[in-house]
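As a plain string of letters, each chain reads:
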Amino acid sequence: MPALNPPPTLFDHNVFRKVLTARTSTDSWSRWFKDLQVSPNTSEIVVEAPSRFVANQVKTRFIRQVEEAARSAGAGTSPLGVRVTVNKTGASRSSNGQAGVAQVKAGGKAPESPAKHHPSNFHRFDTFEVGPSNRFAHAAAWTVAEDPGIYNPLFIYGASGVGKSHLLYAIANHARKRHPSLVIRYCTSEAFVQSFIQCVGRRQMEDFRRRFRRVDMLLLDDFQFLEGKEQTLEEFFWTFNSLQQDGNQIVLSCDRPPRDLTAIEDRIRSRVTGGLLADVAPPCLETRLAILHRLNADYPRPLPDDVLSMVAERIIDNIRDLQSALRRLSAYSRLVNQPLTPQSASELLAPLLGFSPSAPTPEQIIAACAKAFETSVAEILDRNRRPIPSAARRVAMYLARELTDLSYPRIGKAFGRDHSTVISAYRGTLSQLSTNKRFAKQVSDIHSSLHTH
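Residues numbered from 1 in each chain as written. Predicted model: local features only at pLDDT ≥ 70, side-chain atom pairs only at ≥ 80, totals over all residues. Heavy atoms only, no water.

1. Quick look at the pairing of strand β9 (residues 276–279)
- Only one face of β9 is covered, namely the face carrying L276 and A278; the face carrying L277 and D279 is uncovered.
- Inspection of the sheet shows strand β5 (residues 154–157) paired to β9 by 4 bridges, in the parallel sense. Pairing of L154 across the sheet is with L276, part of β9. (Buried < 20%, exposed > 50% of the residue type's maximum accessible area, 1.4 Å probe, protein only. Helix = DSSP H or I, 4+ residues; strand = E, 2+ residues; numbered from the N terminus. Pairing = 2+ DSSP bridges.)

Here's what the structure looks like:
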């Protein structure tokens, strides 16, 4: 009489490793297979991977080899199917050290690096100040670092100095700790172009392709630098295709959205927009202040809170300017051994950043217009086209141009618009002032309130 329950299958993991290594390579075993948990039964071969990224690699690249090795190791000779799942409790081991341009594990030979870009320990997710202007991009970057391949490619865009490179570095640092066996390469687009030119000149294109295609994650910073470089873009196109076909993660950063990259072909634009687009806007006042407080804590002679508030109100464009201003003020206070006031600090920064110490800030102008038009700052900064917020927005742009030394692009950044929108608002308001006395009186009152603020 046959047993009600068949005896458990004896599975030899040593044979599984030996056969799978023979079918692939020792490097592939170390990178993809050593953490797999294989559980054959009478109906299928269940393979548990430590992460979704590893599971996708096994399913797309090695499913036949895994099946053959599993059968040889005791899964039987019948044509069982292979089901690859993710082991939710099998978190990847962390490792100490610093993620560099390229990171190779499992005894593999590190490809040559085209440039020395080493993300510092500062460039982590926990040192990135999250606010309304960057919350979505931060969440997308974190998800890609945790689970490569889920959004592929990830395209992060925004103006200079708003934290895009920090996010790319954070992805590299976190992914290396989360997935220590992965090959991760960070590179600026300028270094990518230089490497391409050098390899073409030396007839070493195979070296170039090995550097950028034999990776599990490629992070390419300042993608706009490739615009107009036709030969490099052609090579990027095929590199992109190769990585994506193998299920490898691609992360790009750029100073504008793909639709504004007019000097690249549609086929490339369609590739880079095929995943997830995440924008990073200039930080809001609260985020700027939080960044300054974080940085200020590391200085030997921290600046007072009222000085930090003045800097956060004055500098609206990007994080680099905040850092530069803080360094200048801290150095001055330390070297002359004198405390700073908001007024003296404003005078020190005026020639560096191009504003008048006595001029109102864009945020003060926006707040004054919101009050005068009985709307809110959020409504003015929103992209709605309702009459009252739109009118307040146009007047605020006009007054920002009249009362400050800021350029059209810098005013646009304060409103989350481009410079052409500010020019249109300025000209439209000028025209309306000459024909509408009631409107002119309202603008004049706002103007006076700002001077007495």
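Resuming the write-up.
2. Quick word on the packing of aromatic side chains
- A complete count under the given rule lists 15 aromatic pairs for this structure.
- The interplanar angle of 50° and the centroid separation of 6.5 Å between the aromatic rings of F155 and Y157 together place this pair among those described as tilted. The same class applies to F155 as to Y157, namely buried.
- Centroid distance F155 to F223: 6.2 Å. Interplanar angle 80°. Geometry classified as edge-to-face. Of this pair, F155 sits in strand β5 while F223 sits in the loop between β7 (217–221) and α9 (230–245), and the two are 68 residues apart along the sequence.
- Given a relative accessible area of 0%, F155 falls into the buried group.
- Note on F223: relative accessible area 1%, which makes it buried.
- Taken together, F155, Y157, F192, F196, F208, F212, F223, F236 and F240 form an aromatic cluster joined through their ring pairs.
- The ring of Y408 has R401 lying over it, and the distance from NZ or CZ to the ring centre is 4.1 Å. (Phe/Tyr/Trp six-rings, centres within 6.5 Å; stacked < 30°, edge-to-face > 60°. Lys NZ or Arg CZ within 6 Å of the ring centre and 35° of its normal.)

3. Observations regarding the environment of R294
- Here R294 is to be found in helix α11 (residues 285–296).
- In contact with R294, not counting residues within four places along its chain, are D126, T127 and E129.
- In terms of polar contacts, R294 uses its side chain to reach the side chain of E129, at 3.2 Å. (Contact = heavy atoms within 4.5 Å. Polar contact = N/O pair within 3.5 Å; in protein donor to acceptor, adjacent residues only side chain to side chain.)

4. Digging into the confidence of the model for the protein chain
- Residues of the protein chain with pLDDT of at least 70 account for 87%, and the chain-wide mean is 82.
- Confidence, read as mean pLDDT per element, is least for strand β4 (residues 102–103) in the protein chain (34) and greatest for β5 (96).
- Contacts from residues 1–8, a stretch scored under 50 in pLDDT, to residues over four places away or in other chains number 1 contact.
- Contacts from residues 90–116, a stretch scored under 50 in pLDDT, to residues over four places away or in other chains number 73 contacts. (pLDDT = per-residue confidence, 0-100.)

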